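Now for the letters of each chain:
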Amino acid sequence: EPFYLEGRHVSASASIGIALGSTDGTPEDLLRNADTAMYHAKANGKARFEFFNDAMRERVVARFEIETGLRKAIDTQQLVLHYQPIVSTIDDHICGFEALVRWNHPERGLIAPGEFIPIAEESDLIILLGRWVLHESCRQMAEWHKKFPSIRPLTINVNFSSRQLKDPRLLEDVQFALAESGLNPEFLSIEVTESSLLENTEQTLTILNRLKAMNIRLEIDDFGTGYSSLSYLRRLPFDTLKIDRSFISELSAGSDGLDIVKAIVEMAHSLRLGVIAEGVETDEQLCQLRKLGCKHVQGFL
């Protein structure tokens with residue numbers, strides 16, 4: 001029941017984890033299992049109860065193995081970067097790359113980021129991981145600039161998470177990565193998602209403005225999938241927005257996807273922002289994007 005505390009009406013709820021005992025289990029096992037079920041109840045919306053089952057234990061163990069293994073992977077150079085080209089739809093030239101991290105596990109082989117990035121983002125591991133990706137990306141791009149001086153200078157796109165934007169060492173890390181590699185800052189693009197912009201907006205605005213003052217390019221990743229607010233497009237110093245692959249996959253004549261992509265491209269152009277379409281996989285999608293005036297694409301095609 002609600003209660004009163006110093007004249008205020010207070011309602012309290014509880015998340016409960018329930019574990020059933022077994023003849024071969026110890027009291028410690030029972031408490032641990034109940035605790036696991038309680039956190040599962042919290043993750044599923046709080047103010048509810050959950051019974052423990054073996055699947056919960058397996059998820060906890062798998063998560064623990066990934067977290068501890070990833071910490072070792074960062075220290076022992078098991079991480080590798082793959083570079084996806086960003087291509088001009090005007091002349092088909094490569095104008096840059098997005099750095100995509102993979103975990104080259106000694107036993108499991110290449111692990112896709114969807115399996116370990118979410119776990120890293122819930123801990124400080126994303127700071128260490130992001131720092132490595134930033135430094136390696138800048139080093140590689142600076143090396144390509146020296147190796148291929150006759151081609152157009154390429155840009156390198158690096159993803160930053162919301163936790164990285166809160167890291168007090170972020171600006172120092174970026175400055176060091178540029179200085180150590182010798183990469184001109186105008187050839188570094190930093191990508192942030194819409195959802196990361198919603199957290200601590202004033203601090204994020206300060207960080208992005210300082211990055212912009214360093215002559216670094218800023219891009220909104222996965223545009224259209226978060227809680228879009230057009231106001232931040234005016235407030236924040238972005239150069240480019242990237243149309244999420246979910247809209248590109250629906251890009252066919254007569255579909256709603258076509259109208260959405262058209263609206264995003266026109267809006268970006270009116271705000272003097274560049275546009276990159278992600279997840280382009282077919283010639284039909286590329287043809288449609290050319291007609292819509294989208295000047296840059298990336299994807300398996």
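Above this text sits the structure in question.
Enquirer: Break down the packing of helix α11 (residues 256–270) against helix α12 (residues 283–292) for me, with residues and values.
Expert: Packed helices, taken two at a time, are described by the angle between their axes plus the distance between the axes. For the pair α11 and α12, interaxial distance at closest approach is 10 Å and the crossing angle is 40 degrees. Looking at the two axes, α11 sits oblique to α12. Both α11 and α12 take part in a crossing whose hand is right-handed. Residues Leu 258, Val 261, Lys 262 and Val 265 of α11 form the contact with α12, whose participating residues are Gln 288, Leu 289 and Leu 292. Across the contact of α11 with α12, the residue classes tally to five nonpolar, one polar and one charged.

Enquirer: Any chance you could break down the packing of aromatic side chains for me, citing the residues and the numbers?
Expert: Across all of its chains, the model carries five aromatic pairs by this definition. An angle of 70 degrees between the planes, with centres 5.2 Å apart, marks the rings of Tyr 83 and Trp 144 as edge-to-face. Pair noted here: Tyr 83 is in strand β5 (residues 79–88) and Trp 144 is in helix α4 (residues 125–147), with a separation of 61 residues, a long-range link. Relative to Trp 144, the ring of Phe 97 has its centre 5.3 Å away and its plane inclined at 45 degrees; by these criteria the two rings are tilted. On the criterion of sequence distance, the pair formed by Phe 97 in strand β6 (residues 94–105) and Trp 144 in helix α4 is long-range, its members being 47 residues apart. Each of the two residues, Phe 97 as well as Trp 144, counts as buried. Three or more aromatic residues link up through ring pairs in this structure, and these residues are Tyr 83, Phe 97 and Trp 144.

Enquirer: Before we move on, could you go through the nonpolar core and cite the residues and values that matter?
Expert: With 74 residues, the main nonpolar core has Val 174, Leu 188, Leu 211 and Leu 241 as its most contacted residues. Take this core: its biggest share by element is 10 residues, from α4. Beyond its immediate stretch of four places on either side in the chain, Leu 241 contacts Ile 220, Phe 223, Ile 264, Met 267, Ala 268, Leu 273, Gly 274, Val 275 and Ile 276. Counting five residues, the second largest nonpolar core, distinct from the first, contains Ala 34, Ala 37, Phe 52 and Met 56.

Enquirer: Describe the side chain of Asp 167, listing the residues and the values that go with them.
Expert: One can find Asp 167 in the loop between α5 (162–165) and α6 (170–181). The contact partners of Asp 167, leaving out residues within four places of it in the chain, are Ile 127, Arg 131 and Asp 173.

Enquirer: Got a sec to walk through the side chain of Glu 278? Specific residues and values, please.
Expert: Structurally, the position occupied by Glu 278 is in the loop between β12 (274–277) and α12. For Glu 278, a relative accessible area of 5% gives the class buried. Excluding residues that lie within four positions of it along the chain, Glu 278 makes contacts with Glu 98, Asp 221, Asp 222, Lys 242, Ile 243, Asp 244, Arg 245, Ile 248 and Gln 298.

Enquirer: Could you give an account of the pattern of salt bridges, with specific residues and numbers?
Expert: Side-chain pairs of opposite charge can arise where the charged atoms are in close proximity. As enumerated under the stated definition, the model contains 17 salt bridges in all. Of the charged contacts, one joins Asp 167 and Arg 131 as a salt bridge, the two residues approaching to 3.6 Å between their closest N and O atoms. Taken together, the positions of Asp 167 in the loop between α5 and α6 and Arg 131 in helix α4 put the pair 36 residues apart, joining distant regions of the chain. For the pair Asp 167 and Arg 131, a shared accessibility class is recorded, and that class is buried. Asp 173 serves as the salt-bridge partner of Arg 169, at 3.4 Å between the closest nitrogen and oxygen. Overall, Arg 169 belongs to the partly exposed group, its relative accessible area being 39%. Here Asp 173 falls in the buried class, since its relative accessible area comes to 7%.

About the cut-offs
- Residues numbered from 1 in each chain as written.
- Predicted model: local features only at pLDDT ≥ 70, side-chain atom pairs only at ≥ 80, totals over all residues.
- Heavy atoms only, no water.
- Axes fitted to C-alpha atoms, helices over the stretch in contact; angles between N-to-C directions.
- Helix = DSSP H or I, 4+ residues; strand = E, 2+ residues; numbered from the N terminus.
- Parallel < 35°, antiparallel > 145°, perpendicular 65-115°, else oblique.
- Left-handed = near helix turned anticlockwise from the far one by under 90°.
- Contact = heavy atoms within 4.5 Å.
- Nonpolar A, V, L, I, M, F, W, Y, C, P; charged D, E, K, R; others polar.
- Phe/Tyr/Trp six-rings, centres within 6.5 Å; stacked < 30°, edge-to-face > 60°.
- Buried < 20%, exposed > 50% of the residue type's maximum accessible area, 1.4 Å probe, protein only.
- Core = buried A, V, L, I, M, F, W, Y, C linked by side-chain atoms within 4.5 Å.
- Salt bridge = Lys/Arg side-chain N within 4 Å of Asp/Glu carboxyl O.

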